Amino acid sequence: MDLVADTQSTPFEVKRSEATRKADEIQTSKNQPSAAEPPSRNAANNTDGDHDKQKSSKKDGPTSTTDDHHGSSPGAISDAPSERTALDKLEKTSQTVNGASSIIGDSAVLSTVLSPIKNWLSNPPSSPRELHIDGANQSLRIVKNLIEAGSYQSCAALDDIICLFLEFTSLIIRMKLSGAYSLAVKCLAIARKLLDTSEGAVLNSYGRHWSSLCDLYSQILASTVDPSGRISRESTACLALMLSRVISVLKASISSESPNPVEESLVNIIDHARKSQLLELLCECLIASGSDIISGSTNMVPAACEACKAIWYLAHAVDIVSLGAHNFSFPLASSWRQGHSKLDGKMQEQDSLPDSNSSSLINIFVKSFLASRPMQIAVYHCLHNGLESAIHASLQLIARACLLNLSFCAIMCGPMNSSPEANEIEYGGDGTIVSDMFSLLSLCGSYLNKESKQNSNQKCKLSNPHALVVHCCLALATIAACLKSEGKSSASIILTSSHKKQRSRLSVLAHLSSADDTVKSCLQPHCAAATLALSTLISLENGGQTRSSLCETALALFPRMATLHTLLKLWLSDGSEELCRYNAGLLNLFGLRDGSIGLLETRLKWGGPLAVEQACSVGIPQLLIRLLTDGFSREPSDGKEVLTHRSGLSPLGVAWTLSALSQCLPGGVFREILYKREHLKLLTDMLSDMHLKVLAAWTGLGGGKKGVRELINSVVDILAFPFVAVQSSPNMPSTSASINSGFLLNIGSPGGRIGTENKEMLKTIEHNMPQYFQVLLEVGVPGCILRCLDNLNMEDISRPLAIVAKMVGYRPLALQLLREGLLNPSRVAKLLKGPLAKETLLDFLMIISDLARMSKDFYEPINKAGMVEYLKNFLSNEDPDIRAKACSAIGNMCRHSPYFYGPFAANKVIELVVDRCSDPDKRTRKFACFAV
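Residues numbered from 1 in each chain as written. Predicted model: local features only at pLDDT ≥ 70, side-chain atom pairs only at ≥ 80, totals over all residues. Heavy atoms only, no water.

Attention now moves to a nonpolar patch on the surface. A cluster of nonpolar side chains, Ile910, Val914 and Val932, forms an exposed patch at the surface whose accessible area comes to about 270 Å². Here Val932 shows up in the segment after helix H51 (922-931). (Patch = residues over 30% accessible without salt bridge, like charges linked within 9 Å, V, L, I, M, F, W, Y side chains within 5 Å. Areas by Shrake-Rupley, 256 points an atom, 1.4 Å probe, with all protein chains shown as cover. Salt bridge = Lys/Arg side-chain N within 4 Å of Asp/Glu carboxyl O. Helix = DSSP H or I, 4+ residues; strand = E, 2+ residues; numbered from the N terminus.)

Structure below.
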């Protein structure tokens, strides 16, 4: 918990040292002054000298009165002499532990201590001259002494004191008593300390305090003019503290078998916060803070830090309430269990991560962030100048926001100090949030280094560097993965264009991914997160067809193939399963433990034939199959098979595993993967409607519509391997299948190299194609691919339609495709009337042409699909390739019989074909003459 504000706007590295000083104060709170009176860094004219003076004042202990009369007017009326005399004695008594205990134990004496504040509430001042500031200040000093003595924890009146202080603060704010704002700051600071107690009485009353505090917060933001920023900071800190305490209790109760009243009351707080306008108010606080920063002041930075914490704590608490205590599985394992439960005649409860209301909360934050430059500046300063807890919350908030919005990711990579009209923007460089993330990781790396731990002169210490590494790396991984899902193909947007910085940043991640130089360290959350960040960053480069210099740098940092093999085996261990339960299982949104699979996929892609040979020699393809089936297994128990509950691969991990498996096919394992019914069935099960539905609803990395697209494309790439290999053969006869059909799948496919690099393997593949067709038919692959088209947007169907174009060239598969509705009139209309990419349209025209060329038996379904009218329109298309394909299809439709003569004549197609014989395009003229 944070009890001390960010003390000054210091450079990034120095702030880490301040965080440790703060942590040390928390641990010795009984012996050191508390944070009830925060340093006045928030004063508009604060200087370093003032700060040093205040630090000295703090060390003098509770007897210091340097700021007791801050804000009082010269004409302020003093309290009654008898009351002041009694308070003077009580203040002196409160400065010892025994004296403080005696005050706490006597309700009458405690009432005397609080009497100046009660007098304010019973007789509110009507003018500045009636402000009894001295008495109220002394009352607050005494309570502060009681807190520092530790006696308050046994006080039965804690609840009443908190209510009194919140009511007192509300009076000051409501009446706009600016001369008493210092009292409001002290009341809020003391209330925050009192709220941070483990006493059940206070926890049970959190609901009442929460409601009062929310109302007060609304008043503060709406009406308070506070140049120092201290009231905003303290009030926001109270909200953040309460939410943090709620999270702690809820996490502890997740494993509890029976709910308790405290838990239920705290859940009500979260429900109230979610349904109220609190999140909007916190965003307003960030906007005000950013505007203050832009004006040249840093007074509102602490308030911004507390606002970021409160926003994240609220979203995190909603997730915990939604998650509850049920078991967790990723979409693949979850859908398999649901399907198996149906087969067993009993339904199993949904066990994938449930959708929660936190996404709607994060969306509100994102919309405000994108619309407000001041809010962006405020968040940047929370990360750049905040204490450790603020940085920790900001990183988690950023990661979740990036999951929901690509524009948010772009802002994380862009400089915060550049004008929106700037022509050239250096992404990832100094002044960007991602740059600060790498600075933080570098700092944590040096702290975690064994040699650095022994350095007593180390300038910066962190209370929990491991957690900072986890969330910093997850934020970077999310940014990279989301950018890739939108088609970005360069990591320089995060790593900068500087080769030196690229090497430095990748080296930091590589070091953190194996911090103690042992393979088993990958099971530690911070190492797993660093591995994930490294994998996703380099995967941005995997979109290209040539190996970049950045890939060369990264590959030198990657583990050897034997080490990767060991990492995959560890992934299947129980220790790896524990990672899925880290942080209440909420980090599963990011696929925390799957980074090592991403490293393998990149090494196979860019390591050449040698890498594939090494992988196959140590059994990596077999391990990849086991990864895909993890969570599906049944284990015998007392002679009966029972389902084992494992989480399985994350959606991101599934995509990497399938891609790695595809890269291994040229190593000879295609026989084991593609010619065995059980393995091919595994691939088609991944394309089941149930899995695609669960995957589409997944809000983490690799999920949503884009995740569905990536999964289908990955399976298609594996299934297409034999087709691509055979069609890449220089001896491929044009009569058996069109070489150009589904050409999109040939680009970058491992099968495309077989024809020139391994002719013996090509012969084997050609010889076994009938066996492959038989397995495809038994498993129902043609129908499965057609159903996938219904789960994709029109712009995403290119690859699945490309493999249909390849399968149509083989009669057994063509017949199955037609039986499954390939030329269903509604499907054809949806394809040809929608916004279809050129290569996809060409593939569909090739499908019609190949069917017509193969046999007259296919003429009738082609006609029923209404293809004559569509082809007539394509003859006049402005694209010459489309005109040429239309002429080719028409020619093949007249190849075997006069079936189409009548329809062509009725639709005046023949005249258009004759016109195409003089087309400016050579290929169009060629196919038009063929058709005629």
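From this point, things continue past the structure.
Here the focus is helix H47 (residues 867-874). Residues of H47 that are buried: Met867, Val868, Tyr870, Leu871 and Phe874. In an axial view of H47, the angular spread of the buried residues amounts to 165°, which keeps them on one side of the axis. In this structure, the buried side of H47 is in contact with helix H44 (825-833), helix H45 (838-854), helix H46 (859-864), helix H48 (880-893), helix H49 (901-906) and helix H50 (909-916). (Buried < 20%, exposed > 50% of the residue type's maximum accessible area, 1.4 Å probe, protein only. Arc of directions from axis to C-beta. Contact = heavy atoms within 4.5 Å.)

Take the confidence of the model for the chain next. With 80% of its residues at a pLDDT of 70 or more, the chain has an overall mean of 81. Under a pLDDT of 50 for its full length, residues 343-355 has, in the predicted model, 30 contacts with residues more than four places off or in other chains. Low pLDDT, under 50, characterises residues 734-739; the predicted model gives this stretch 13 contacts beyond four residues in sequence or across chains. (pLDDT = per-residue confidence, 0-100.)

As a further point, take the nonpolar core. Counting residues in each nonpolar core, the largest one holds 301 residues, and the members touching the most others are Trp120, Phe365 and Ile494. When residues of this core are assigned to their parent elements, the largest contribution, 16 residues, is made by helix H14 (residues 301-323). Those residues in contact with Trp120 that lie beyond four places of it in its chain are Pro125, Leu131, His132, Ile133, Ala136, Phe168, Leu171, Ile172, Leu177, Ala180 and Leu183. (Core = buried A, V, L, I, M, F, W, Y, C linked by side-chain atoms within 4.5 Å.)

Scanning the entire structure with this criterion turns up 27 salt bridges. With a shortest N-O distance of 3.7 Å, Arg923 and Asp881 are connected by a salt bridge. Remark: Asp881 occurs in helix H48 and Arg923 occurs in helix H51; sequence separation between them is 42 residues. The exposure class assigned to Arg923 is partly exposed, which follows from its relative accessible area of 35%. You can call Asp881 partly exposed: its relative accessible area is 27%. It is possible to trace a salt-bridge network through shared partners that takes in Arg192, Arg233, Glu234, Glu306 and Lys309.

Here we come to the packing of aromatic side chains. Tallied over the entire structure, the rule returns 16 aromatic pairs. Seen in terms of ring centroids, Trp120 and Phe168 are 5.1 Å apart; in terms of plane orientation they differ by 90°. Their pairing is edge-to-face. Taken together, the residues span a long stretch of sequence, with Trp120 in helix H5 (residues 107-122) and Phe168 in helix H7 (residues 158-174) at a distance of 48 residues. Take Trp120: its relative accessible area is 3%, and that puts it in the buried class. Stacked on the ring of Trp571, the Lys or Arg Arg593 has its end atom at 3.9 Å from the ring centre. When the ring centre of Trp606 is taken as reference, the NZ or CZ atom of Lys605 above it lies at 5.2 Å. (Phe/Tyr/Trp six-rings, centres within 6.5 Å; stacked < 30°, edge-to-face > 60°. Lys NZ or Arg CZ within 6 Å of the ring centre and 35° of its normal.)

Backbone geometry at Thr496 places phi at a positive 75°, although glycine is not the residue there. For Thr496, the location among the structural elements is in the loop between helix H23 (492-495) and helix H24 (499-513). On the accessibility criterion, Thr496 (0% relative accessible area) is buried. Its identity as a non-glycine residue notwithstanding, Lys908 has a phi of 55°, on the positive side. You can see Lys908 is positioned in the loop between H49 and H50. For Lys908, a relative accessible area of 55% corresponds to the exposed category.

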